[in-house]
Amino acid sequence: MRDMLLIALYAFAGAAAAGLAGAAALRLIRRRSLTVSLAVVAAVAVTAMLAGTLAVAQAMFLSAHDLSVVTTVVAMAAVVSMVTALLLGRWVVARSRELAFAARSFGDGGDFTAPDAPATAELAAVSRELAATSARLAESRMRERALESSRRELVAWISHDLRTPLAGLRAMSEALEDGVAADPQRYLRQIRTEVDHLNDMVGDLFELSRIHAGTLALSLSRMSLYDLVSDALAGADPLARRHGVRLVGDLVEPVPVEVDGKEMSRVLGNLLVNAIRRTPADGTVAVAAARSADGVVLSVSDGCGGIPEQDLPRVFDTGWRGSDARTPPAGAGLGLAIVQGIVEAHQGRATVRNISGGCRFEVTLPAAAGT
């Protein structure tokens, strides 16, 4: 038993010396290739075995022949270990270089394509993460391009919509200033109308900027959806009468919701104004509200004739007004974007779909607690 302990101590001492030397070597070459590190690890393993063997042989006074046999065996093991380590290192480095080359593609704006060659579990995991990151970057680039496109459209349409009333205001003010206005009171009323239109446009821009900046502060309170719809219908009735459109709100359940009354009134007002302006004379705009599995669904249906399928995904984009909406009566293309922003701030969602003869905008809101 005592001899075995001595053998173990001598072997450990020799192996520990080789291990310390290997650790120092690995620290010095920590920035070098993985192939070199694996070669050092293999060399440390063989050297530790050889050092332990020599220490034990020296203590046990082995014969020269026996010592040479042991040394030869260890040397052959060292050769095999070194070759295996070098081959493994070169294979791993090659896979790493292929992965690095593939990673450059999505860094330059392309899509990441994982190398076809087999790799270690760790490199495969890195490859999957790079593929997921590439997909997220592609989505981000698409959103950025869509946002930039909508911004350009918004600037162009706002510039167009501002130019027309400003030109009219200038002409009417010059006519009043020169005293050539046949009916000054009519001119003043028209100026007031144009100023109100510009004020509404500025208000929409301010509201949209708050939504995009995330500074839209909501003051939630419990109220009946029936009351909200009734007030919105009463406010939109004069516009509906001027356009010869009939408003219907018979299918509104008195469902309680927790919303910001002012902001939700703006949502309903924008949806109703949009529906009335798109519905031809003698048409009908219907409002309905009911419970659903997702919460509370408020819908506004119009008789616009439907929206082209390719345009449906863009309806709520900032500045979108459709291919036939190029004049001020269609608005600045901000109303529906504001609707979506306010609804999402309430943790809800806004959608649109075509129905027979028109389209239906649906706003889904969370149900009030305790209902």
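Scroll up for the structure.
Remember, it's a predicted structure, so these values are computed and weren't measured experimentally. (Residues numbered from 1 in each chain as written. Predicted model: local features only at pLDDT ≥ 70, side-chain atom pairs only at ≥ 80, totals over all residues. Heavy atoms only, no water.)

### Comments concerning the overall build of the protein
Per the secondary structure count, the protein includes 8 helices and 7 strands. Every one of the 371 residues in the protein was classed for burial, and the buried ones make up 33%. Within the protein, contacts between residues at least 6 apart in sequence are counted, and of these 71% link residues at least 24 apart. In the structure as shown, the protein presents an accessible area of about 21900 Å², 59% of it carried by carbon and sulfur atoms. (Helix = DSSP H or I, 4+ residues; strand = E, 2+ residues; numbered from the N terminus. Buried < 20%, exposed > 50% of the residue type's maximum accessible area, 1.4 Å probe, protein only. Contact = heavy atoms within 4.5 Å. Areas by Shrake-Rupley, 256 points an atom, 1.4 Å probe, with all protein chains shown as cover.)

### What to know about the pairing of strand 5 (residues 295-301)
Of all 7 residues that make up strand 5, 7 are buried, and the element is covered over most of its length. Bridging between strand 4 (residues 284-292) and strand 5 involves 7 bridges; their strand directions are antiparallel. Following the sheet pairing, A290 is matched in strand 5 by V297. Count of turn residues in the strand 4/strand 5 antiparallel hairpin: 2 residues. (Pairing = 2+ DSSP bridges.)

### Examining the packing of helix 6 (residues 225-243) against helix 7 (residues 261-278)
Close contact between helix 6 and helix 7 brings their axes to 9 Å; oriented N to C, the two are set at 30 degrees. As judged from the angle between their axes, helix 6 and helix 7 are roughly parallel. Read as a crossing pair, helix 6 and helix 7 show a hand that is right-handed. Contacts between helix 6 and helix 7 involve L228, V229, A232, L233, A236, L239, A240 and H243 from the first element and G261, M264, S265, L268, L272, V273, I276 and R277 from the second. Among the residues forming the contact of helix 6 with helix 7, the class breakdown is 12 nonpolar, 3 polar and 1 charged. (Axes fitted to C-alpha atoms, helices over the stretch in contact; angles between N-to-C directions. Parallel < 35°, antiparallel > 145°, perpendicular 65-115°, else oblique. Left-handed = near helix turned anticlockwise from the far one by under 90°. Nonpolar A, V, L, I, M, F, W, Y, C, P; charged D, E, K, R; others polar.)

### Comments concerning the pattern of salt bridges
Pairing is possible between side chains of opposite charge, provided their charged atoms come close. If you walk through the whole model with that rule in mind, you get 8 salt bridges. Note that R210 is salt-bridged to E207, the shortest N-O span being 2.8 Å. With a gap of 3 residues between them, R210 and E207 both fall in helix 5 (residues 184-213), about one helical turn apart. R210 sits in the partly exposed class, given a relative accessible area of 22%. By relative accessible area, which is 3% here, E207 ends up buried. (Salt bridge = Lys/Arg side-chain N within 4 Å of Asp/Glu carboxyl O.)

### A short note on the state of the cysteines
For the structure shown, the criterion picks out 0 disulfides. Of all cysteine sulfurs in the structure, the one in C359 sits closest to C304, which takes part in no disulfide; the separation is 3.4 Å. Exposure remark for C304: the relative accessible area of 25% places this residue in the partly exposed category. The class of C359 is buried, set by a relative accessible area of 1%. (Disulfide = S-S within 2.5 Å.)

### Notes on the packing of aromatic side chains
Tallying each qualifying case throughout the model produces 1 aromatic pair. Between F316 and F361 the ring centres are 6.0 Å apart and the planes differ by 90 degrees, which places this aromatic pair in the edge-to-face class. Here the residue F316 occupies a position in the loop between strand 5 and helix 8 (335-345), and F361 occupies one in strand 7 (residues 358-365), the gap between them amounting to 45 residues. Comparing F316 with F361 shows no difference in burial state: the two are buried. (Phe/Tyr/Trp six-rings, centres within 6.5 Å; stacked < 30°, edge-to-face > 60°.)

### Describing the pairing of strand 4
Sheet topology note: the strand 2 (residues 246-252)/strand 4 ladder contains 5 bridges and is parallel. For R246, the partnering residue across the bridge sits in strand 4 and is T284.

### Side note on a nonpolar patch on the surface
On the surface, a nonpolar cluster with roughly 390 Å² of combined accessible area is contributed by M76, V79, V83 and L87. Take M76: it is sitting in helix 3 (residues 64-107). (Patch = residues over 30% accessible without salt bridge, like charges linked within 9 Å, V, L, I, M, F, W, Y side chains within 5 Å.)

### Observations regarding unusual backbone geometry
One non-glycine residue, D282, lies in positive phi territory at about 70 degrees. A positive phi is found at Q347, a non-glycine position, where the angle reads about 65 degrees. By the secondary structure assignment, Q347 is in the loop between helix 8 and strand 6 (349-355).

### With respect to the sheet that holds strand 7
For sheets, the rule is that strands pair by backbone hydrogen bonds, running either parallel or antiparallel. On the basis of which strands lie adjacent, the open sheet formed by 5 strands has the order 2-4-5-7-6 and mixed pairing. If you trace the sheet from one side to the other, it starts and ends with strand 2 and strand 6, each paired once. Each strand of the sheet is rotated relative to its neighbour by a mean of 20 degrees, with strand direction disregarded. The sheet contact formed by strand 5 and strand 7 spans 6 bridges and is antiparallel. Each residue of the ladder has a partner; that of S299, found in strand 7, is E362. Sheet strands touched by helix 6: strand 2, strand 4 and strand 5. Its angle to strand 2, the strand with the most contacts, is close to 170 degrees. Most of the contacts of helix 7 go to strand 7, to which it runs at about 175 degrees, and overall it touches strand 2, strand 4, strand 5 and strand 7.

### Comments concerning the side chain of E207
A distance of 2.8 Å separates the side chain of E207 from the side chain of R210, its partner in a polar contact. Discounting residues that sit within four places of it in the chain, E207 has contacts with L216, E263, R266, I338 and I342. (Polar contact = N/O pair within 3.5 Å; in protein donor to acceptor, adjacent residues only side chain to side chain.)

### Describing helix 7
Here helix 7 spans 26 Å end to end across 18 residues, near enough to the 26 Å set by a 1.5 Å rise per residue. Buried within helix 7 are the following residues: G261, E263, M264, V267, L268, N270, L271, L272, N274, A275 and I276. With a side-chain oxygen positioned 3.1 Å from the backbone nitrogen of K262, the residue opening helix 7 is D260. (Expected span 1.5 Å × (residues − 1).)

### A closer look at the side chain of E194
Position of E194 relative to the elements: it lies in helix 5. Put simply, E194 is tucked away with no salt bridge, and the nearest opposite charge, on R186, sits 10 Å away. Those residues in contact with E194, other than ones at most four positions away along the chain, are P165, L169 and M172. (Lys, Arg positive; Asp, Glu negative; His and termini not counted.)

Geometry only, nothing functional implied.
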